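Summary of the model geometry
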Amino acid sequence: MATSFCSSISMQAPFSATTTRFCLNKQATIFNNGKTNNLSFSLRRLMPARLAVSCAVKQETVEKVSEIVKKQLSLTDDQKVTAGTKFTELGADSLDTVEIVMGLEEEFGITMAEERAKEIATVQQAAELIEELVQEKTA
């Protein structure tokens with residue numbers, strides 16, 4: 001009795017459906033009938049298509065960014081701005097975001113590439129990018 005094994009894994013692009021197909025083909029003799037079958041099954045991915053990793057930033061950087069955001073958006077002292085706060089939640093539009101980025105560049109003595117600056121949506125993301133740019137600048 002000859003048996004052959006073949007396995008393959010195919011995944012779809014991260015922005016399409018989240019189904020991952022795993023296919024195991026095995027020819028086998030079943031119950032002396034002489035029939036051969038292929039075994040194949042599909043699994044649903046339990047993990048998201050994209051994995052976001054967040055690194056810890058200094059609390060003082062987050063606080064500075066929060067203060068600059070408050071200043072640029074003319075927020076009152078009682079309005080809370082935390083690391084997870086999205087600029088849009090504070091009523092910022094694209095022009096406000098550009099002004100925030102300019103204020104951050106001035107305060108920290110850095111220059112952000114336009115592509116990277118467009119990715120910033122939260123105080124945390126801004127603080128992470130700032131620390132990365134400051135570290136590159138001092139290296």
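These numbers were taken from a predicted model, which means no experiment stands behind them.

1. Quick word on helix 4 (residues 123-138)
Taking 1.5 Å of rise per residue, the 16 residues of helix 4 would be expected to cover 22 Å, and the 22 Å separating its terminal C-alpha atoms lies within 8% of that figure. Every buried residue of helix 4 is listed here: Val123, Gln124, Ala126, Ala127, Glu128, Leu129, Ile130 and Leu133.

2. Thoughts on the pattern of salt bridges
Between side chains of opposite charge, a pair can form when the charged atoms approach closely. Within the structure shown, the criterion is met by three salt bridges. Glu107 serves as the salt-bridge partner of Lys64, at 3.7 Å between the closest nitrogen and oxygen. Of this pair, Lys64 sits in helix 1 (residues 59-72) while Glu107 sits in helix 2 (residues 94-108), placing them 43 residues apart in sequence. Taking the relative accessible area as the measure of exposure, Lys64 reaches 40% and is therefore partly exposed.

3. Overview of the nonpolar core
Counting 25 residues, the largest nonpolar core has Val65, Val69, Phe87, Leu104 and Met112 as its most contacted members. If you list the elements that add at least two residues to this core, you get helix 1, helix 2 and helix 4. Per-element accounting of this core gives the leading share, six residues, to helix 4. Here Phe87 is in contact with Val69, Ala92, Thr97, Ile100, Ile120, Ala121, Thr122, Val123 and Ala126, once residues within four sequence places are set aside.

4. Focus: the layout of surface pockets
In this structure, the second largest pocket occupies an estimated 310 Å³ of space. In this structure, the second largest pocket is lined by 15 residues; those nearest its centre are Thr97, Val98, Val101, Ala117 and Lys118. Sort the elements by how many residues they give to the lining of the second largest pocket and helix 2 lands first, with six residues. Of the residues that constitute the lining of the second largest pocket, the class distribution is nine nonpolar, three polar and three charged.

Each value, and the rule that gives it
- For every chain, the first residue of its written sequence is number 1, and the numbers climb from 1 along that sequence.
- With the structure being a predicted model, the display of local features is reserved for residues of pLDDT at least 70 and the display and counting of side-chain atom pairs for 80 or more, all residues being used for whole-chain, interface and lining totals.
- Only hydrogens and water are set aside; all other atoms, that is, all heavy atoms of the structure, feed into the side-chain values.
- Elements are defined by DSSP. Helices are runs of H or I of four residues or more, strands are runs of E of two residues or more, and each kind is numbered from the N terminus.
- One less than the number of residues in a helix, times 1.5 Å, gives the span that helix is expected to have.
- Burial classes follow relative accessibility: with a 1.4 Å probe on protein chains only, a residue under 20% of its type's maximum area counts as buried, one over 50% as exposed, and anything between as partly exposed.
- By convention in these notes, a salt bridge is any Lys or Arg side-chain nitrogen within 4 Å of a carboxyl oxygen on Asp or Glu.
- We call a set of buried residues a nonpolar core when its members are Ala, Val, Leu, Ile, Met, Phe, Trp, Tyr or Cys and they connect through side-chain atoms within 4.5 Å of each other.
- Only heavy atoms matter for contacts: two residues are in contact if any of them lie within 4.5 Å across the pair.
- The rule is simple: put a 1 Å grid over the protein atoms alone, call a set of points where a 1.4 Å probe fits but cannot get out a cavity, call an open set with protein on both sides within 12 Å along at least five of seven lines a pocket, and count a residue as lining if it has an atom within 4 Å of a point.
- Grid points are joined across faces, edges and corners, and a volume is the space filled by probe spheres set on the points.
- Each residue gets one of three labels, nonpolar for Ala, Val, Leu, Ile, Met, Phe, Trp, Tyr, Cys and Pro, charged for Asp, Glu, Lys and Arg, and polar for the others, Gly among them.

Any link to function would need more than the numbers given here.
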